[in-house]
Amino acid sequence: MEEKKFANPYLMGIALGLVLLASFLIMGEGLGASGAANRFALAAADSVAPGYVESNPYMAGKLTEGKSPLDAWLIFEVLGVFLGGAVSAYTAGRMRRRVIKGPRISVRARLIMALSGGILMGMAARLARGCTSGQALSGGALFSVGSWIFMMMIFVGGYAMAYFVRRQWL
Amino acid sequence: MIFPIESLVSEQYELGLVVAVAIGFLFGFVLERAGFGRATTLSAQFYGTDMTVFKVMFGAIVTAMIGVVIASGLGLLDFKALSESAVSNTYIVPMLVGGLVLGIGFIISGYCPGTSLVAASSGNLDGMMTFVGVTIGSFIYSAIEPSIASFHDSTDMGQLFFYDLFGVPPAVVAVGVTAMAIGMFFLADKLEPVFSRKFLHRDKSLDRRPRLVAFASFSVTAFVGLGLMFVPLGAQKQGPTTKALSISQYEFAKRLLDKPWSMRIIDLRKRDECAKQRIPGAECVPKDKLGELGLEYAPGARDLVLVAAQDLEVLPKPVEKYKGKVFVLQEGFDGWTRFALQDPPVPGADASEADRSLYGFRSALRQALTGAPPPPPPPSGVKKFVPKKRKKGGGCG
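Before going into details, it helps to say that this report is about the structure given with it.

Cut-offs applied
Residues numbered from 1 in each chain as written. Chains lettered and ligands numbered in written order. Predicted model: local features only at pLDDT ≥ 70, side-chain atom pairs only at ≥ 80, totals over all residues. Heavy atoms only, no water. Axes fitted to C-alpha atoms, helices over the stretch in contact; angles between N-to-C directions. Helix = DSSP H or I, 4+ residues; strand = E, 2+ residues; numbered from the N terminus. Parallel < 35°, antiparallel > 145°, perpendicular 65-115°, else oblique. Left-handed = near helix turned anticlockwise from the far one by under 90°. Contact = heavy atoms within 4.5 Å. Nonpolar A, V, L, I, M, F, W, Y, C, P; charged D, E, K, R; others polar. Pairing = 2+ DSSP bridges. 1 Å grid on protein atoms, 1.4 Å probe; cavity = no way out; pocket = protein on both sides within 12 Å on 5 of 7 lines; lining within 4 Å. Points joined across faces, edges and corners; volume = space filled by probe spheres on them. Salt bridge = Lys/Arg side-chain N within 4 Å of Asp/Glu carboxyl O. Buried < 20%, exposed > 50% of the residue type's maximum accessible area, 1.4 Å probe, protein only.

Overview of the packing of helix H2 (residues 34–48) of chain A against helix H5 (residues 73–91) of chain A
Residues and elements named next belong to chain A.
Right, so step 1: In the contact formed by H2 and H5, the axes pass within 9 Å of each other and the chain directions differ by 115°. Accordingly, the angle class assigned to the pair H2 and H5 is roughly perpendicular. Helix-helix and strand crossings are classified by hand; for H2 and H5 the assignment is left-handed. Residue-level contacts link Gly35, Ala36, Arg39 and Phe40 of H2 to Leu74, Ile75 and Val78 of H5.
Right, so step 2: Considered class by class, the residues forming the contact of H2 with H5 number five nonpolar, one polar and one charged.

Some details on the sheet that holds strand S1 (residues 245–247) of chain B
Residues and elements named next belong to chain B.
Right, so step 1: Spatially, five strands are ordered S1-S5-S4-S2-S3 in an open sheet, and the strand pairing comes out parallel. One side of each edge strand has no neighbouring strand; the edge strands of this open sheet are S1 and strand S3 (283–284).
Right, so step 2: Of the pairings in the sheet, the one linking strand S2 (residues 263–267) to S3 comprises two bridges and is parallel in character. Paired with Ile266 across the bridge in S3 is Glu283.
Right, so step 3: In the packing of helix H12 (residues 249–258) onto the sheet, the strands contacted are S1, S2, strand S4 (303–307) and strand S5 (326–329), and the crossing angle to S2 comes to about 120°.

Section: empty space enclosed by the protein
Sizing a probe to match a water molecule and rolling it over the atoms shows the empty space that remains.
Right, so step 1: Evaluation of the coordinates by the stated rule reveals two cavities of 30 Å³ or more.
Right, so step 2: Estimates place the volume of the largest cavity at around 140 Å³.
Right, so step 3: If you trace the largest cavity, you find 14 residues lining it, with Thr132(A), Leu31(B), Phe36(B), Met57(B) and Cys112(B) closest to the centre.
Right, so step 4: Breaking the lining of the largest cavity down by element, the ones donating at least two residues are helix H7 (132–141) of chain A together with helix H1 (13–33), helix H3 (52–73) and helix H6 (113–121) of chain B.
Right, so step 5: Among the elements that line the lining of the largest cavity, the one with the most residues is H7(A), at three residues.
Right, so step 6: Residue composition of the lining of the largest cavity, grouped by class: 10 nonpolar, four polar and no charged.
Right, so step 7: In this structure, the second largest cavity encloses a volume near 40 Å³.
Right, so step 8: Forming the boundary of the second largest cavity are Phe6(A), Arg94(A), Arg98(A), Glu32(B), Gly37(B), Arg38(B), Ser122(B) and Asn124(B).
Right, so step 9: Taken together, the residues that form the lining of the second largest cavity break down as one nonpolar, three polar and four charged.

Focus on the pattern of salt bridges
All names here are of chain B.
Right, so step 1: Enumeration over the complete set of coordinates arrives at 12 salt bridges over all chains.
Right, so step 2: Arg255 is paired through a salt bridge with Asp303; the nearest N and O atoms lie 2.7 Å apart. Here Arg255 is found in helix H12, whereas its partner Asp303 is found in strand S4, with 48 residues between them in sequence. Judged on exposure class, the residue Arg255 and its partner Asp303 are both buried.
Right, so step 3: Here Arg366 makes a salt bridge to Asp343, at a shortest N to O gap of 3.0 Å. Residue Arg366 is found in helix H15 (residues 353–370), and its partner Asp343 is found in the loop between helix H14 (332–341) and H15; the two are separated by 23 residues along the sequence.

Pasting the structure below:
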């Protein structure tokens, strides 16, 4: 099957905005992603070393007595994201096992970069109380000053670092 | 007001989870269609060759922002309740640093946390690696957070909104943001071909029709939102808050410690009594002077807490026009004296866990407020109750 072209960014912007609006209206919450990763980490830690989680006030503060960290709205939302992404990719002929990279980098190096960038973002998202979806997008649409500060800094960080990793992408 | 549908987070929790999967599905679907499952599309933003990230992101923000303004203008949405539940506090320095580090991680990995998941779902192994990284990173941060907690919680401004900062209605800010976004979109469309030729040595064409549709709908709806401000529709013009809520001494004391910025405390007793002793942060405004505060013009972002000598029977007139919530402290300042400033009764050995923790809380409170030495601990060795100072995270929290 031929891969379809990606949709127009402006129309997709409106579509994404309407999904966010639906989430606001129906649930009173924004969209999220990194919070779910945090809950996965918490659930894993809690099943391997519950004593450690108890002793860490930051982690313990996120646990609810008698409730799994995975029993949360965000986990189900992220499950939906995975399904939605898969269905969209499949129906557009883009579902294939591969590694996305620029022409001048090896697969191995690319995967290491992906992992380390992910680790940085996981830490940053905790510090900023959310990631691009939960903080920048959702908070930004609700006029939060902190969300806009965060969003501007994402672009600053990205542009500042782009030169140093150009071999990976160009 | 119909929205948000509160039962979905309480009685109908399970139905809420079904909605979660549905909303997530659409979220993932749209991201994939926009090309956000590809690190090459996303990273191109930072070389200027393809500004899809910027366009989709700001297009979505403008759309949702205008939607929220219109829905609350039509009286369908409880804007205040939504803002309270979906927005985190503004922590200036943590957000500056967090944004910078996230941006760096973004260009290194080629994804942000949400898009890495979309990439993984369409079979991209690099996306999967990134999401694993995000999970590991969350764990590392959680592990070290207790040692950097003071930084984590620094420069906390509470919930801070542009409309409060500028003192204009949200609809006006929305029009401003829309105008700014359209300007930036034009600029992005001008820059893309320049950088495409420079870095990729190829031309880039622009599809003008969808852009025209998008810009036209942004402009029209933004002004509809603005126009609704002048049309009294249903619940949009909220009637005076004649119904004041009652707050218990315990709830009030907890809030005074956890979120003092969320309250404006007004002590209604005679000025000399109030001057002698009052709740920390309280303003001394005798009842007959309340009119001079201009409460009807205040933004109403903070909840008003009224403290009389005893229970307040009749709500003073000037308070009725306050836009935010109004609370009356149960039993007034006399109650406060008994609850917070005098020795709490020591619970017996057979007292319940709740009584013990209340005792711990009251002794700690009294000690903090009066500087008096701590009262004796309750009979058996039960840990002292330390009021938690954790705040809710963002939508990602």
